[in-house]
Amino acid sequence: MEEKIRLANLKRLLAPKSVAIVGASNAPDKAGYAAVDGLKRFRGAVYPVNPKADEILGRKAYPSLSAIGQPADLVIFAIPAAACVEAVREAIACGCGGGLIVSGGFAESGPEGAAIQDQILKLCQSSGFRLLGPNTAGFVNMSLDLMATFAAGRDDIKPGRVAVVSQSSGINFVVTFAIHKLGLGVSAAIGVGNSIDTDISDVLEFLAEDEGTSAIAIHIEGIPTGRRLHDTLKRVTPKKPVVALVVGREDVAEFAQSHTGNLVGSYDLKVNALRQAGAVTVDTTEELAAAAALLSLERLPAKQTPGIGVLTGQGGAGVIMLDVLKGGAIAVPTLGEATAKRLSELLPPMTYMKNPVDTARPGPTFPDVLAAIGADPVIDSIIVFALSEPTLDPLDLIPAARRTTGKPIIFGTSGSEAGVGPTITALRAQGFFVAENPERLAKAAVVLAQDSQMQWRLAQPADRVNVGAAPKAVGGLDEDASKSVLDGLGIATPQRAACSTRAEAMDAFRKLPKPLVAKILTSEIAHKTEAGGVHLKLADEAAFTAALDALDKIPLKGARRYLIEAMAPAGVELIVGSVRDASFGPTIMVGIGGTIAEAIKDTSTRLAPITKAEAEEMLSELRASALLDGWRGAPKVDREALADAIVRLAAVLDAQPGVKEIEINPLRAYPDGVLALDALIV
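Remember, it's a predicted structure, so these values are computed and weren't measured experimentally.

Colleague: What is the right way to read the overall build of the chain from this model?
Modeller: Regarding its fold elements, the chain presents 22 helices and 29 strands. Oriented by its inertia axes, the alpha-carbon framework of the chain measures out at about 95 × 80 × 40 Å. The buried share of the chain, taken over its 682 residues, is 54%. Residue pairs at least 24 apart in sequence account for 71% of intrachain contacts in the chain once pairs closer than 6 positions are excluded.

In structure tokens, the structure reads:
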């Protein structure tokens, strides 16, 4: 019942029928004035609350929330932080649904503000009252003409089908007005601020069911509940496309913490977690607006490799577009024989007809060329770029091609404002996405294709891995015990013997194939090489004895043991590790391994568990992935075995809550399999 109350109150908060403003004011410089003024077009009831005023901006004022006589769905708290605890308590007592706090001075300001914020959170948790913020400029819901915000320019916001959600209210409106410049509007623009109760996940769930929203743009600084956001996106993105701008590629954590109270966290992990859940990620606010605008108009069906057709009237533009598409790993397939034959009938010799198709200036046959490309079964969408030409009328061309092909047509053009401005405006009014340079046009195609690819991946069944029983040891397992866990997972390890005495070690020396490796066997030392705990290429008894002597000199608190192993042949070394992240839970990482792993930092990350296809993608994302494919005459490694090992390791933390961390470094790859040379489990 409590969750039902919370869901019902979330709807009352974001789609209210009545709004009260605590701290309403007649002073134009006050947030309470702006809050009341922003509700002048709102079609519901408005209740200004101020014990010192009888009327505010022509509306009857009330001395308290209880004096209104009925509960408001939404309460805007335009009062200082210190006064908010009692005001929220009164709103709950009156049966109000939710509220938003516009003031700052909470967790982002220090311990005192954090204590106030914590009191308010406890009130929300115990009552089901929903809260947006604190430290938010509020939100707009265009279906209700509701401007529950004091942001400048709120009266200029235009209705549309893109919803914008941001941890920063400022960026919320930056993206909103960028969407306007593309000729579109927004269904909602919501700033979650510190999001102590209502966060981006909650808003996404609301927007997924909002009939007025076709696509969602989100801006993220920190994600304190990353796994929840990931799981929410997995439910939302199949219904509606989501585009995300993630902050934190560089070290901006301190400033972000002071801004919204959200710690930034690992950029790569955040981005890959959102992509795994089906969201498209971008790098700038301009790209966020453009991508969400595009996906509100067009969306491809889910497909593993959607093909993009490229038609250009200028060869230079075609080269730029092809470069962007290939940089985004988007398929630009060669057109079929039937299409090539048709194009040869339409275009003069020496023009490029494979894909991209370059007409060397838009001529009279341009519409027929576009139709021929669209008819090819390898093409799922077409981007068309042409400078303004007297012979080309895009107002006829693009709508006709969309009807004829049944496929998304994205148009780009450039020219003088007088020449192309009316055309761009007219096409946008008809619901077409129009770019004003070839780069933006190609990036639009990348977004369309990536959304299609990610939805296909999301629909693939997860690989099931039996990870067996959880390790019993408390703390860190030693290397032999860790490798025994890997053996149980089906990840190969070297032939070895764990020895408690030198006599046992000498016996292992005689039995195991040479050369050998002698290691100190203890969970006290995480990096044995740096501690002098690893000795390689031991082929004779004298060298082996000297190695044991060296191992005996390493100071230990516990028992001294030795691990004697058959030395593995050379191969390509990787590091594979799974860690339980505080926000996202079980994660998996793969990178170039060995002693240089930390220096190179060539890694790829995902949330665990993963599919084999995702593991293969991780390997391909490595900058040094060429080393796996026979670099400079070396043999190709067994990528399938590598991917299988990554999947199996990722399954451990997901299935065993008691395992905090597991790492193989190095995992050596060969043409016929893999071998875990060192392992650590915590």
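Right, picking up where we left off after that structure.
Colleague: Which parts of the structure should I look at to understand the side chain of Lys-407?
Modeller: Locating Lys-407 in the fold gives a position in the loop between helix 14 (394-405) and strand 18 (409-412). For the buried Lys-407, which has no salt bridge, the nearest side chain bearing the opposite charge is Asp-380, at an N-O separation of 6.0 Å. Engagement of the side chain of Lys-407 in a polar contact is seen with the backbone oxygen of Gly-374, the distance being 2.7 Å. At a separation of 2.6 Å, a polar atom in the side chain of Lys-407 contacts the main-chain carbonyl oxygen of Ile-379. Apart from the residues lying within four places of it in its own chain, the contact partners of Lys-407 are Gly-374, Ala-375, Asp-376, Ile-379, Asp-380 and Arg-402.

Colleague: Is there a simple way to explain the pairing of strand 2 (residues 45-49) in this structure?
Modeller: Regular strands show a simple pattern: their side chains alternate between the two faces of the sheet. Among the five residues in strand 2, four count as buried, and that is most of the element. Two elements, strand 1 (residues 18-22) and strand 2, share five bridges in a ladder whose sense is parallel. Looking at the pairing, Val-19 lines up with Val-46 of strand 2.

Colleague: I would appreciate a short explanation of the packing of helix 1 (residues 2-14) against helix 6 (residues 200-208) in the present structure.
Modeller: How two helices pack is summed up by the angle between their axes together with the distance between the axes. Direction vectors running N to C along helix 1 and helix 6 enclose 80 degrees, while the axes themselves pass 11 Å from each other. Of the possible angle classes, the one that applies to helix 1 and helix 6 is roughly perpendicular. Contact residues: Leu-10, Lys-11 and Leu-14 in helix 1; Asp-202, Val-203 and Phe-206 in helix 6. For the contact of helix 1 with helix 6, the class distribution of residues is four nonpolar, no polar and two charged.

Colleague: What is the right way to read the packing of helix 14 against helix 15 (residues 417-429) from this model?
Modeller: For the pair helix 14 and helix 15, the least separation of the axes is 10 Å and the interaxial angle reads 30 degrees. Our classification of the angle between helix 14 and helix 15 gives roughly parallel. The hand of the helix 14/helix 15 crossing is right-handed. For the pair formed by helix 14 and helix 15, the contact residues are Pro-394, Leu-395, Ile-398 and Pro-399 on the first element and Thr-423, Ala-426 and Leu-427 on the second. For the contact of helix 14 with helix 15, a count of residues per class yields six nonpolar, one polar and no charged.

Colleague: Explain the sheet that holds strand 12 (residues 215-220) here, please?
Modeller: Picture the strands of a sheet paired through backbone hydrogen bonds; they go either parallel or antiparallel. The seven strands are arranged 9-8-11-10-12-13-14 in an open sheet whose pairing can be described as mixed. Because the sheet does not close on itself, it has two edges, and the strands there are strand 9 (146-149) and strand 14 (280-282). Taking the axes of each pair of neighbouring strands and ignoring which way they run, one obtains an average angle of 20 degrees across the sheet.

Colleague: Looking at this structure, I do not really get the sheet that holds strand 22 (residues 534-538). What am I missing?
Modeller: Spatial ordering of the open sheet is given by 20-23-21-22, a layout of four strands whose pairing is antiparallel. Strands at the two margins of the open sheet, each flanked by one partner only, are strand 20 (496-499) and strand 22. For this sheet, the mean angle separating the axes of adjacent strands, direction not counted, is 15 degrees. Where strand 21 (residues 516-520) lies against strand 22, three bridges are found, and the strand directions are antiparallel. Bridging from a neighbouring strand, Leu-516 pairs with Leu-538 of strand 22. Running at roughly 165 degrees to strand 20, helix 18 (residues 502-511) makes contact with strand 20, strand 21, strand 22 and strand 23 (562-566) of the sheet.

Colleague: What should I look at first to understand the nonpolar core in this one?
Modeller: Taken as a class, soluble globular proteins show a tendency for nonpolar side chains to be buried jointly. Residues Ile-76, Phe-139, Leu-204, Ile-216 and Ile-218 are the most contacted members of the largest nonpolar core, which totals 53 residues. Among the elements that take part in this core, helix 6 stands out by supplying six residues, more than any other. If near-sequence neighbours (up to four positions away) are discounted, Ile-76 is found in contact with Val-19, Ala-20, Ile-21, Val-22, Ala-35, Leu-100, Val-102 and Ala-148.

Colleague: Help me out: how do you make sense of unusual backbone geometry in this one?
Modeller: Working note: non-glycine residues mostly have negative phi, and peptide bonds are mostly trans. Of note, the amide linkage connecting Gly-133 to Pro-134 takes the cis form, showing an omega dihedral of 0 degrees. With respect to the element layout, Pro-134 can be found in the loop between strand 7 (130-132) and strand 8 (138-141). Even without a glycine there, the phi angle at Asn-135 is positive, about 65 degrees. Tracing the backbone shows Asn-135 in the loop between strand 7 and strand 8.

Colleague: Would you take a moment to explain the environment of Leu-477 for this structure?
Modeller: Mapped onto the elements, Leu-477 comes out in the loop between helix 16 (438-458) and helix 17 (479-489). Separated by 198 residues in the primary sequence, Leu-477 and Ala-279 place their C-alpha atoms 38 Å from one another.

Colleague: Is there a simple way to explain helix 11 (residues 315-327) in this structure?
Modeller: One turn of an α-helix holds 3.6 residues; hence residues three or four places apart share an orientation. Compared with an ideal rise of 1.5 Å per residue, which puts 13 residues at 18 Å, helix 11 spans 18 Å between its outermost C-alpha atoms and is within 8% of the ideal. Considered for burial, the residues of helix 11 that qualify are Ala-317, Gly-318, Met-321 and Leu-325. Burial along helix 11 is one-sided: seen end-on, the buried residues are contained in an arc of 100 degrees. Turned more than 90 degrees from where helix 11 packs its buried face, Val-319, Asp-323, Lys-326 and Gly-327 sit exposed. Those residues of helix 11 hidden inside the fold are in contact with strand 15 (308-312), strand 17 (381-385) and helix 16. Positive phi appears at Ala-329, one or two residues downstream of helix 11, with a value of about 60 degrees.

Colleague: What is the right way to look at helix 15 in this model?
Modeller: Its 13 residues place the ends of helix 15 17 Å apart at the C-alpha level, agreeing with the 18 Å of an ideal helix rising 1.5 Å per residue. Listed as buried for helix 15 are Val-420, Gly-421, Thr-423, Ile-424, Leu-427 and Arg-428. In this structure, the buried residues of helix 15 make contact with helix 5 (169-181), helix 14, strand 18 and strand 19 (434-435). Within two residues after helix 15, Gly-431 carries a phi angle of roughly 95 degrees, on the positive side.

Colleague: I tried to follow the environment of Phe-42 on my own but got confused; where do I start?
Modeller: With respect to the helices, strands and loops of the structure, Phe-42 is situated in the loop between helix 2 (31-37) and strand 2. In contact with Phe-42, other than residues within four places in its own chain, are Pro-16, Lys-17, Ser-18, Val-19, Leu-144, Asp-145 and Leu-146.

Definitions and cut-offs
Residues numbered from 1 in each chain as written. Predicted model: local features only at pLDDT ≥ 70, side-chain atom pairs only at ≥ 80, totals over all residues. Heavy atoms only, no water. Helix = DSSP H or I, 4+ residues; strand = E, 2+ residues; numbered from the N terminus. Buried < 20%, exposed > 50% of the residue type's maximum accessible area, 1.4 Å probe, protein only. Contact = heavy atoms within 4.5 Å. Lys, Arg positive; Asp, Glu negative; His and termini not counted. Salt bridge = Lys/Arg side-chain N within 4 Å of Asp/Glu carboxyl O. Polar contact = N/O pair within 3.5 Å; in protein donor to acceptor, adjacent residues only side chain to side chain. Pairing = 2+ DSSP bridges. Axes fitted to C-alpha atoms, helices over the stretch in contact; angles between N-to-C directions. Parallel < 35°, antiparallel > 145°, perpendicular 65-115°, else oblique. Nonpolar A, V, L, I, M, F, W, Y, C, P; charged D, E, K, R; others polar. Left-handed = near helix turned anticlockwise from the far one by under 90°. Core = buried A, V, L, I, M, F, W, Y, C linked by side-chain atoms within 4.5 Å. Expected span 1.5 Å × (residues − 1). Arc of directions from axis to C-beta.

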